[in-house]
Amino acid sequence: MGGKVSDEAYQTWLDKFTQLVKTDQFKQARQARGLFPFTKLGPEFDAYVKERIAHFNQLAKEMGLAK
């Protein structure tokens, strides 16, 4: 979500996605598309993205692709 979203709207979407990923319909759609289970949501997803960005920045520096 964008940075200028209210806490209430954020929580509403987080609750909806949390419910959605638990449904059999979602699991079937994910499997039909060959996607692996990845259900990090909310703060857990935010932390994961930040960790991955830091990791790739470090790799880029080690390879001389970034300063």
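What counts as what
- Residues numbered from 1 in each chain as written.
- Predicted model: local features only at pLDDT ≥ 70, side-chain atom pairs only at ≥ 80, totals over all residues.
- Heavy atoms only, no water.
- Helix = DSSP H or I, 4+ residues; strand = E, 2+ residues; numbered from the N terminus.
- Rg over C-alpha atoms; globule rule 2.2 N^0.38 Å.
- Buried < 20%, exposed > 50% of the residue type's maximum accessible area, 1.4 Å probe, protein only.
- Areas by Shrake-Rupley, 256 points an atom, 1.4 Å probe, with all protein chains shown as cover.
- Salt bridge = Lys/Arg side-chain N within 4 Å of Asp/Glu carboxyl O.
- Patch = residues over 30% accessible without salt bridge, like charges linked within 9 Å, V, L, I, M, F, W, Y side chains within 5 Å.
- Lys, Arg positive; Asp, Glu negative; His and termini not counted.
- Contact = heavy atoms within 4.5 Å.

Asks: Could you give an account of the overall build of the protein chain, naming the residues involved and the relevant values?
Replies: A count of helices and strands for the protein chain gives three helices and zero strands. Along its sequence from the N terminus, the protein chain presents helices and strands in the succession α-α-α. In summary, the protein chain has a C-alpha radius of gyration of 16 Å against a globular reference of 11 Å for 67 residues, an excess of more than 25%. Principal-axis analysis of the C-alpha atoms places the extent of the protein chain at approximately 45 × 35 × 15 Å. Taking all 67 residues of the protein chain together, 7% fall into the buried category. A total accessible area of about 6000 Å² is found for the protein chain, and carbon and sulfur atoms account for 58% of it.

Asks: Give me the lowdown on the pattern of salt bridges, citing residues and values where you can.
Replies: According to the stated counting rule, one finds three salt bridges in the structure shown. A salt bridge links lysine 40 to glutamate 44, with the shortest nitrogen-to-oxygen separation between them at 3.8 Å. When its relative accessible area of 47% is taken as the criterion, glutamate 44 is described as partly exposed. Here aspartate 46 and lysine 50 are joined by a salt bridge, their closest N and O atoms 3.0 Å apart. Of this pair, aspartate 46 and lysine 50 both sit in helix α3 (residues 42-62), separated by four residues, roughly a single helical turn. Classification of aspartate 46 as partly exposed rests on a relative accessible area of 39%. The class of lysine 50 is exposed, set by a relative accessible area of 54%.

Asks: Summarise a nonpolar patch on the surface; cite the residues concerned and give the values.
Replies: Together, Met1, Val5, Tyr10, Trp13, Phe17 and Leu20 line one region of the surface with nonpolar side chains, adding up to about 580 Å² of accessible area. Following the sequence through the fold, tryptophan 13 ends up in helix α1 (residues 7-20). Using a relative accessible area of 47% as the deciding quantity, one classes tryptophan 13 as partly exposed.

Asks: Describe the side chain of arginine 30, and please don't skip the residues or the numbers.
Replies: Looking at the element boundaries, arginine 30 is found in helix α2 (residues 24-32). Of the side chains with opposite charge, aspartate 24 lies nearest to the buried arginine 30, which makes no salt bridge, at 8.8 Å. The contact partners of arginine 30, leaving out residues within four places of it in the chain, are Leu35, Phe36, Pro37 and Thr39.

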